[in-house]
Amino acid sequence: MSEAARRGEDGYGIVADFVSSLPRGFREGLRRDLVSRSQADEYAGSLIDHYRDAMPVWVLLEVVPFGTLLAFYLFCVERWEEVERREIHYALKEVKAVRNCASHAGCLCNGIVPERETRHTTSGVALEWLNAHGIRNSKGRRARLRNRRTQQLVITVALHGMLASEHASPAALDAVAGLRPLMDDAIARYGTQNPLVSHLAFLARVFDVARG
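Residues numbered from 1 in each chain as written. Predicted model: local features only at pLDDT ≥ 70, side-chain atom pairs only at ≥ 80, totals over all residues. Heavy atoms only, no water.

**Q** Can you walk me through the environment of C101 in this structure?
**A** Looking at the secondary structure, you find C101 in helix α7 (residues 86-103). On the basis of relative accessibility, which here comes to 21%, the residue C101 falls in the partly exposed class. Residue contacts for C101: discarding those within four places in its chain leaves G106, C107 and L108. (Helix = DSSP H or I, 4+ residues; strand = E, 2+ residues; numbered from the N terminus. Buried < 20%, exposed > 50% of the residue type's maximum accessible area, 1.4 Å probe, protein only. Contact = heavy atoms within 4.5 Å.)

**Q** Teacher, can you tell me more about the state of the cysteines here?
**A** Applying the stated criterion to the full structure yields 0 disulfides. In this model C107 remains outside any disulfide bridge; the closest cysteine sulfur is found in C109, 5.7 Å from its own. (Disulfide = S-S within 2.5 Å.)

**Q** Is there a simple way to explain the packing of helix α2 (residues 11-21) against helix α6 (residues 66-79) in this structure?
**A** Between two packed helices, both the angle of their axes relative to each other and the distance between the axes serve to describe the pair. Close contact between α2 and α6 brings their axes to 10 Å; oriented N to C, the two are set at 105 degrees. Accordingly, the angle class assigned to the pair α2 and α6 is roughly perpendicular. Counted together, I14, D17, F18 and S21 of α2 and T68, A71, F72, F75, C76 and R79 of α6 form the full contact between these two elements. Each residue belonging to the contact of α2 with α6 can be placed in one class, and the counts come to 6 nonpolar, 2 polar and 2 charged. (Axes fitted to C-alpha atoms, helices over the stretch in contact; angles between N-to-C directions. Parallel < 35°, antiparallel > 145°, perpendicular 65-115°, else oblique. Nonpolar A, V, L, I, M, F, W, Y, C, P; charged D, E, K, R; others polar.)

**Q** Explanation requested: the confidence of the model for the chain in the structure shown.
**A** Parts of the model with low pLDDT should not have their predicted coordinates read in detail. Averaged over all residues, the pLDDT of the chain equals 91, while 100% of them reach at least 70. By mean pLDDT, the top-scoring element of the chain is α2 (97), and the lowest-scoring one is helix α11 (residues 170-177) (84). (pLDDT = per-residue confidence, 0-100.)

**Q** Sorry, what's going on with the layout of surface pockets here?
**A** By rolling a water-sized probe across the atoms, one finds the places where empty space is left. The computed volume of the largest pocket comes to approximately 1500 Å³. Around the largest pocket, the lining is made up of 49 residues, and of these L92, V95, L159, H160 and A164 lie nearest the centre. The greatest single-element share of the lining of the largest pocket, amounting to 8 residues, is contributed by helix α10 (residues 148-164). Tallied by class, residues from the lining of the largest pocket come to 38 nonpolar, 6 polar and 5 charged. What the second largest pocket holds in volume is close to 300 Å³. Counting residues per element, the ones that place at least two in the lining of the second largest pocket are α2 and α3 (24-40). By residue class, the composition of the lining of the second largest pocket is 10 nonpolar, no polar and 4 charged. (1 Å grid on protein atoms, 1.4 Å probe; cavity = no way out; pocket = protein on both sides within 12 Å on 5 of 7 lines; lining within 4 Å. Points joined across faces, edges and corners; volume = space filled by probe spheres on them.)

As structure tokens, then:
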């Protein structure tokens, strides 16, 4: 929103252009979702209903699903020709996967095993963040990042550090800090022969540098 304001964007016009740019199926799906939620969503329904025919950007960002938010981010990147931010959009899709798992009480750690190596490369923005924070490219780092779940968790932490940490509430930062003793406890209980332990130790180090 700050960038749109800085560039003199019309708050309603940029949303209208975004919606028009969507593939027909995506556009119709978004419309159906908003119509349904305008009637059923106790918290955002009245807001959606009021602005459904002409929605400003400050409302769009409050009411759309995370996937639509990512599509809007990419639309702005292309509209403003900020090609260096395109990779952030794709990295945020990895954050979405972690977010979806966490919001549905899925098990983040189940699957951190040697035989579950991924062919997906780690986002370049996350690798640059790791390098900048002293977690240099090494055999150990490469081994940990060959696991898809560890990879996605590291990308999530890196993007939080890049995009959100300076705006995070003290309670959120305390919650992140509180993960370290829980991880240390798990490491002690599982024993060094469990492959999960090396990943937890690596993630604990990533969390430490993210907290500064």
